[in-house]
Amino acid sequence: MQFSDNNVLIVGGVLLVHPSPCAVTIARCPMLRLVFTLFFCAVPLAAQTMPPEADKQLAHDIYKEFVEIRSGFTTGSTTPVAEAAAARLRAAGFPDADIFVGGANPNKANLVVRYHGTGSRKPLLLLAHTDVVEAKREDWSMDPFQLIERDGFFYGRGTSDDKAQAAVWIASLIRYRREGFKPHRDIIVALTADEEGGGPYNGVDWLIKNHRELIDAELALNEGGWGESDAGRKISNDLQVSEKYAINFRFEVRNKGGHSSLPVPDNAIYHLAGALERLSHFGFPLKTNEVTAAYFQKMAKIETGPVSEDLAKVPEGSQEAMQRVAAASPAWNATLRTTCVATQLEGGHAMNALPQLAAANVNCRVLPEDSLEYVRNALQKVMADD
Ligand SMILES: [Zn+2]
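### What about the overall build of the protein?
Counting its secondary structure elements, the protein contains twelve helices and 16 strands. Across the 386 residues of the protein, 36% fall into the buried class.

Structure representation (structure tokens):
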């Protein structure tokens, strides 16, 4: 079995990005994040700070417009999103001089807009990506490029990753301008292309290389943290401060092949299937780091029932508690360990030929403290059969 990591993919933008899609705005969606639970939301306070009805409507309209633009990272284009945002800003009185639209190619435009403060402090950069993971209509029970609101949830590709954030940034700037808000810092919003999929047209990368001056800032906020709720009750506001990184490994089994009428035990597909079967039973060690220990400490105070006792024991290093917590939730499991999972398969070239190649992609999400070599060695031990 050959073992290759030459298509290593490190997913990431300038600061904090999460690599997985999540279609709806629900609590604890199964995305990987390493978070601190920061503070609790008091509902009356939230009510006092809600924007006026017209601003909420505008934010909703922009959100709908963004979600309904097909900006899949391979089949779509982010340019219409950038242009739609620019049109909204111009209509609200933002001068052309403060709006930039451009990118690595005509389908990969980014938008950068500057809202001027007093200049007494250095700028704040607000980031959101406008591309989305591909969505096939046949895989969805509804049109993924239509914003649908049902039972208090939004459905549609990019509703949470990451067009809500893009819409909130743009709607907020428009509101600031209307209200005459004068912050100490310039507020820069950058809506960027191609965060998903690790393609060559990543907007953050392109802006750093080509227009650094447009996005130069002292602080930046990006996607990653979110709130958690339980049956409509707001219970926490989470801040992501660290992140797993992603690696793709391609496993290949090659064989001399032959005619299917003369089979032999040495079969590429069987070798690969055996390796994947072993992988399916393998788990990386459960552990915490500074960030995840703090997260579980806080979550122990929010959750109720037996799980809260286990959550409290996780930061103390109890393996038994970690096992129960990991079994209770895919998100907690992924927070407690590096994971690797088979995601794609190929093999064989004819129905009546013994396969000369069988291959699988294994996608790993790696804790920051685990090295690529560590993961590779662990996988090699589990999957190699020679
Ligand atoms: Zn994202």
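That covers the picture; the talk isn't over yet.
### Notes on the confidence of the model for the protein
For the protein, the average pLDDT comes to 88, and 87% of its residues sit at 70 or higher. Contacts from residues 1-32, a stretch scored under 50 in pLDDT, to residues over four places away or in other chains number 93 contacts. Here residues 38-47 is modelled with pLDDT under 50, and outside its nearest four sequence neighbours on either side it reaches twelve contacts, counting other chains as well.

### Details of the packing of helix H8 (residues 290-302) against helix H9 (residues 306-313)
Where H8 contacts H9, the axes come no closer than 8 Å and their chain directions differ by 155 degrees. Between H8 and H9, the angle is such that the two are roughly antiparallel. Considering only the axes of H8 and H9, their crossing is left-handed. Taking contact as the criterion, the partners of Phe296, Met299 and Ala300 in H8 are, on H9, Ser308, Leu311 and Ala312. When its residues are assigned to classes, the contact of H8 with H9 shows five nonpolar, one polar and no charged.

### Topic: the nonpolar core
Ranked by internal contacts, the top residues of the largest apolar core, which has 41 residues, are Ala167, Ile170, Leu173, Val189, Ala190 and Leu191. If you list the elements that add at least two residues to this core, you get helix H2 (53-67), helix H3 (79-91), strand S4 (109-115), strand S5 (121-129), helix H4 (163-179), strand S8 (185-192) and helix H5 (203-210). Tallying contributions element by element places H4 first for this core, with eight residues. Setting aside residues no more than four positions away along its own chain, alanine 190 makes contact with Asn110, Val112, Leu125, Leu127, Leu207 and Ile215.

### Description of unusual backbone geometry
Along the chain, aspartate 161 connects to aspartate 162 via a cis peptide bond; the corresponding omega equals 15 degrees. As for its position among the elements, aspartate 162 is in the loop between strand S7 (153-155) and H4. One non-glycine residue, aspartate 151, lies in the positive phi region at around 55 degrees. Within the element layout of this structure, aspartate 151 appears in the loop between strand S6 (148-150) and S7. Non-glycine residue aspartate 194 carries a positive phi angle of around 55 degrees. Within the secondary structure layout, aspartate 194 lies in the loop between S8 and H5.

### Some thoughts on the environment of asparagine 289
With respect to the helices and strands, asparagine 289 occurs in the loop between helix H7 (268-280) and H8. As a C-alpha pair, asparagine 289 and glutamate 369 span 80 residues in sequence and 8.3 Å in three-dimensional space. Filtering out sequence-adjacent residues up to four positions away, asparagine 289 remains in contact with Leu367 and Glu369.

### Let's talk about the sheet that holds S4
Within a sheet, each strand pairs with its neighbour through backbone hydrogen bonds, oriented either parallel or antiparallel. Taken in spatial order, the five strands make up an open sheet running S3-S4-S8-S5-S9, and their pairing is mixed. Across the chains shown, the open sheet's two edge strands, defined by having one partner strand only, are strand S3 (99-103) and strand S9 (219-221). Direction aside, the axes of adjacent strands within the sheet are offset by 20 degrees on average. As judged from the seven bridges shared by S5 and S8, these two strands associate in the parallel manner. Looking at the pairing, arginine 121 lines up with arginine 185 of S8. Packed onto the sheet, H3 meets S3, S4 and S8 and runs at close to 25 degrees relative to S4. Sheet contacts for H4: S4, S5 and S8; angle to S8, the most-contacted strand, approximately 145 degrees.

### Some details on the pairing of strand S16 (residues 357-366)
The sheet contact formed by strand S12 (residues 245-254) and S16 spans ten bridges and is antiparallel. When the sheet's bridge partners are listed, phenylalanine 249 is paired in S16 with valine 362. Two elements, strand S14 (residues 339-347) and S16, share eight bridges in a ladder whose sense is antiparallel. By the bridge assignment for S16, glutamate 346 is matched with alanine 359.

The rules we used
Residues numbered from 1 in each chain as written. Predicted model: local features only at pLDDT ≥ 70, side-chain atom pairs only at ≥ 80, totals over all residues. Helix = DSSP H or I, 4+ residues; strand = E, 2+ residues; numbered from the N terminus. Buried ≥ 20, exposed ≤ 12 C-beta atoms within 10 Å, placed from the backbone. pLDDT = per-residue confidence, 0-100. Contact = placed C-beta atoms within 7 Å. Axes fitted to C-alpha atoms, helices over the stretch in contact; angles between N-to-C directions. Parallel < 35°, antiparallel > 145°, perpendicular 65-115°, else oblique. Left-handed = near helix turned anticlockwise from the far one by under 90°. Nonpolar A, V, L, I, M, F, W, Y, C, P; charged D, E, K, R; others polar. Core = buried A, V, L, I, M, F, W, Y, C linked by C-beta atoms within 7 Å. Pairing = 2+ DSSP bridges.

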